[in-house]
Amino acid sequence: MLSFKLKRFIFKFFSLLSVIRGYNILVLVLAQYLAAIFIFSPKKYVRSIVLDVDLFYIVLASICVVASGYIINNFYDVKVDRINRPLKSNLDNYVKQSTKLKLYFTLNFIGFVFGYLISWKAALFFASYIFAIWFYSHKLKKYPFTGLVSATVLTILPFFAVFVYYKNFSKIIFVHAVFLFLVLMVRELLKDLQNMKGAIVNDYATFPVFYGEKKTKQLSIFLLVLTLFPVIILFSYPALSYMRYYFYFALIVLIFLGFYLWNSTETNQYRMMHNVLKVLLLIGVFSLIFIDTSLIVEKVIHRLN
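Note that the structure is a prediction, hence the values are computed from the model and not measured.

Cut-off values and rules
- Residues numbered from 1 in each chain as written.
- Predicted model: local features only at pLDDT ≥ 70, side-chain atom pairs only at ≥ 80, totals over all residues.
- Heavy atoms only, no water.
- Helix = DSSP H or I, 4+ residues; strand = E, 2+ residues; numbered from the N terminus.
- Rg over C-alpha atoms; globule rule 2.2 N^0.38 Å.
- Contact = heavy atoms within 4.5 Å.
- Areas by Shrake-Rupley, 256 points an atom, 1.4 Å probe, with all protein chains shown as cover.
- Lys, Arg positive; Asp, Glu negative; His and termini not counted.
- Charge placed at Lys NZ, Arg CZ, Asp CG, Glu CD.
- Axes fitted to C-alpha atoms, helices over the stretch in contact; angles between N-to-C directions.
- Parallel < 35°, antiparallel > 145°, perpendicular 65-115°, else oblique.
- Polar contact = N/O pair within 3.5 Å; in protein donor to acceptor, adjacent residues only side chain to side chain.
- Patch = residues over 30% accessible without salt bridge, like charges linked within 9 Å, V, L, I, M, F, W, Y side chains within 5 Å.
- Salt bridge = Lys/Arg side-chain N within 4 Å of Asp/Glu carboxyl O.
- Buried < 20%, exposed > 50% of the residue type's maximum accessible area, 1.4 Å probe, protein only.
- Left-handed = near helix turned anticlockwise from the far one by under 90°.
- Core = buried A, V, L, I, M, F, W, Y, C linked by side-chain atoms within 4.5 Å.
- Expected span 1.5 Å × (residues − 1).

Draft legend 1. Geometry of the overall build of the protein chain. A count of helices and strands for the protein chain gives 18 helices and zero strands. Taking 2.2 N^0.38 as the reference for a compact globule, 305 residues should give roughly 19 Å; the C-alpha atoms of the protein chain span a radius of gyration of 20 Å, in line with that estimate. Counting only C-alpha atoms, the protein chain reaches 60 × 50 × 45 Å along its principal axes. Long-range pairs, those at least 24 residues apart, make up 77% of the contacts in the protein chain with a sequence separation of at least 6. In the form shown here, the protein chain has an accessible surface area of approximately 16300 Å², with 71% of it arising from carbon and sulfur atoms. Once the 32 positive and 12 negative side-chain charges of the protein chain are each reduced to a mean point, those two points are 5 Å apart.

Draft legend 2. Summary view of the packing of helix H14 (residues 213-226) against helix H15 (residues 228-235). At their nearest, the axes of H14 and H15 sit 4 Å apart, and the two run at 10 degrees to each other. Here H14 is positioned roughly parallel relative to H15, judged by the angle of their axes. Across the interface between the two elements, Leu224, Val225 and Leu226 of H14 pack against Leu228, Phe229 and Pro230 of H15.

Draft legend 3. Inspection of the side chain of Ser137 at higher detail. Within the secondary structure layout, Ser137 lies in helix H8 (residues 120-138). In terms of polar contacts, Ser137 uses its side chain to reach the backbone carbonyl oxygen of Ile133, at 2.9 Å. Look past the residues within four positions of Ser137 in its chain and what remains in contact with it is Gly69, Ile72, Asn73 and Tyr76.

Draft legend 4. Highlighting a nonpolar patch on the surface. On the surface, Phe109, Ile110, Phe112, Val113, Tyr116, Leu117, Trp120 and Leu124 cluster together into a nonpolar patch covering about 830 Å² of accessible area. Of all the secondary structure elements, the ones that give two or more residues to the nonpolar patch are helix H7 (97-118) and H8. In terms of residues, the nonpolar patch owes the most to one element, H7, which gives six residues. For Leu117, the position within the fold is in helix H7. Judged by relative accessible area, which is 45%, Leu117 ranks as partly exposed.

Draft legend 5. Region of the structure containing helix H10 (residues 159-166). In terms of burial, H10 is largely enclosed, as six of its eight residues are buried. Of all the residues in H10, the buried ones are Phe159, Phe160, Ala161, Val162, Phe163 and Tyr166. Looking one or two residues beyond H10, the residue adopting positive phi is Lys167, at roughly 55 degrees.

Draft legend 6. Representation of the packing of helix H2 (residues 22-40) against helix H17 (residues 267-286) in the model. With their axes 9 Å apart at the nearest point, H2 and H17 run at an angle of 30 degrees to one another. With respect to H17, the element H2 is oriented roughly parallel. At the point where H2 passes H17, the crossing takes the left-handed sense. Together, Tyr23, Asn24, Val27, Leu30, Ala31 and Leu34 of H2 and Lys278, Leu282, Val285 and Phe286 of H17 make up the contact between the two elements.

Draft legend 7. Spotlight on the nonpolar core. Judged by nonpolar contacts, the single largest core of 81 residues is most densely connected at Phe40, Leu55, Phe179, Leu190, Phe247, Leu254 and Leu277. Discounting residues that sit within four places of it in the chain, Leu277 has contacts with Val183, Val186, Arg187, Leu190, Leu254 and Leu257.

Draft legend 8. Broad picture of helix H11 (residues 171-194). Here H11 contains 24 residues, and its C-alpha end-to-end distance of 35 Å stays within 8% of the 34 Å for a straight helix at 1.5 Å per residue. Counting buried positions along H11 yields 18 of 24 residues, so the element is predominantly enclosed.

Draft legend 9. Just the environment of Val53, in detail. In this fold, Val53 is placed in helix H4 (residues 53-76). In this structure the C-alpha to C-alpha distance between Val53 and Ile118, which are 65 residues apart in sequence, comes to 8.8 Å.

Draft legend 10. Spotlight on the pattern of salt bridges. Counted under the stated rule, the structure contains one salt bridge. Across the salt bridge formed by Lys191 and Glu188, the nearest N and O atoms sit 3.5 Å from each other. Taken as a pair, Lys191 and Glu188 lie in helix H11 at a separation of three residues, close to a single helical turn. A relative accessible area of 24% places Lys191 in the partly exposed class.

Draft legend 11. Highlighting unusual backbone geometry. For Arg21, which is not glycine, the phi torsion reads 50 degrees and is therefore positive. Position of Arg21 relative to the elements: it lies in the loop between helix H1 (4-19) and H2. A relative accessible area of 25% means that Arg21 is categorised as partly exposed.

Next up, the structure:
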């Protein structure tokens, strides 16, 4: 039998994992390293990239500031989450709010320090991100357009910290970013649709609350149609290689979601579509290794030698 103290520690551990969205942070770390290896720095070997201290500091700083962002967002959304996600809310509340706030400030400080170890510009970037995510949680998320756009931008920014570090400003990366931005925005709209009850009770003028479900669906479908353009442009790049099959799959999924969304009315349907987009983005992260399969072989051979 587990002792009381051990049980309490396990509950607190999983409570904190729930608050900081451990799954999302793990995906972010994978995305940063895979992008560094296969997109931003394809001519370098895996060993040199993985052992790059500055890249390691960027990843650690990203983990800290993103985790702290989830904490402050959880702090402001306590009442909303009790309505929208009662089970998750009960787990999250196993850790005291005062403990969460202490952890929030500690993580922000550590993230800033790791940024400073890289450069003062990196420190400024992470400091700006810390302020932006607090301002979003405190103010911006309560309004339709600012909440939607800022949530999408804040989701994508930590990933592009690596992009700025490598200073790889190729067009294919920008087109990837446009596709990612559009899909993330649709995901945010679906999340707002499934969280309408809590938003209404707590006077959050999110896009669905302010404009209604029909216009939210119309905007979502319009954004899904827009994803066709970056995908078509990406197909013209030979460097896309086998990752083009991911985009074929993504187009099929997004077209299906568009039709399914138009006929959806239930919270569970919106939740299902939101989860489908999360899985689609996760598959996209792992698909980065297929941009150049010869690169994988070359890196493995170099490692063996």
